[in-house]
Amino acid sequence: MTETVDTVREVLIDTLELSQSPGDLTRDTALFGALPELDSFGVVQLVAAIEDRFDIVIDDDEFGADLFETVGSLTDFVDAKLAA
């Protein structure tokens, strides 16, 4: 799990070109609505980057605002996809 959250942090920072360091992004860090970089285009970029990095497929009906609520919610989703 720690490895997943670390990778999710890296993907967020790289994809959205965030100025934060990985340590600044905790499981409780708010994403959608809190990060101006995570707009509708940013979501599309982020989904593609997560799919590539973790070798998973995120179906259209699987992502919404709740998925991108926090770093933790996104990490939990990725962990669930990896376990499936």
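Scroll up for the structure.
Description of the structure in this document.

Scoring rules and cut-offs
Residues numbered from 1 in each chain as written. Predicted model: local features only at pLDDT ≥ 70, side-chain atom pairs only at ≥ 80, totals over all residues. Heavy atoms only, no water. Helix = DSSP H or I, 4+ residues; strand = E, 2+ residues; numbered from the N terminus. Expected span 1.5 Å × (residues − 1). Buried < 20%, exposed > 50% of the residue type's maximum accessible area, 1.4 Å probe, protein only. Contact = heavy atoms within 4.5 Å. Polar contact = N/O pair within 3.5 Å; in protein donor to acceptor, adjacent residues only side chain to side chain.

For the rest of this paragraph, the subject is helix α2 (residues 40–54). The α-helix advances 3.6 residues per turn, and as a result positions three or four apart in sequence lie on the same side. Across its 15 residues, α2 extends 21 Å between first and last C-alpha, which sits within 8% of the 21 Å expected from 1.5 Å per residue. All buried positions along α2 are accounted for by Gly-42, Val-43, Leu-46, Val-47, Ala-49, Ile-50 and Phe-54. The inward-facing, buried residues of α2 contact α1 (2–16) and α3 (71–83). Among the residues of α2, the N-terminal cap falls to Asp-39, whose side-chain oxygen and the backbone nitrogen of Phe-41 are separated by 3.3 Å. Positive phi shows up at Asp-55, right after α2, with a value of about 55 degrees.

With that out of the way, let us pick up unusual backbone geometry. Even without a glycine there, the phi angle at Glu-17 is positive, about 55 degrees. Positionally, Glu-17 belongs in the loop between α1 and α2. Positive phi is not limited to glycine here, since Asp-55 has a value of about 55 degrees. Checked against the element boundaries, Asp-55 lands in the loop between α2 and α3.

Inspection of the secondary structure assignment puts Asp-61 in the loop between α2 and α3. Residue Asp-61 is classed as exposed on the basis of its relative accessible area of 72%. As a C-alpha pair, Asp-61 and Pro-22 span 39 residues in sequence and 29 Å in three-dimensional space.

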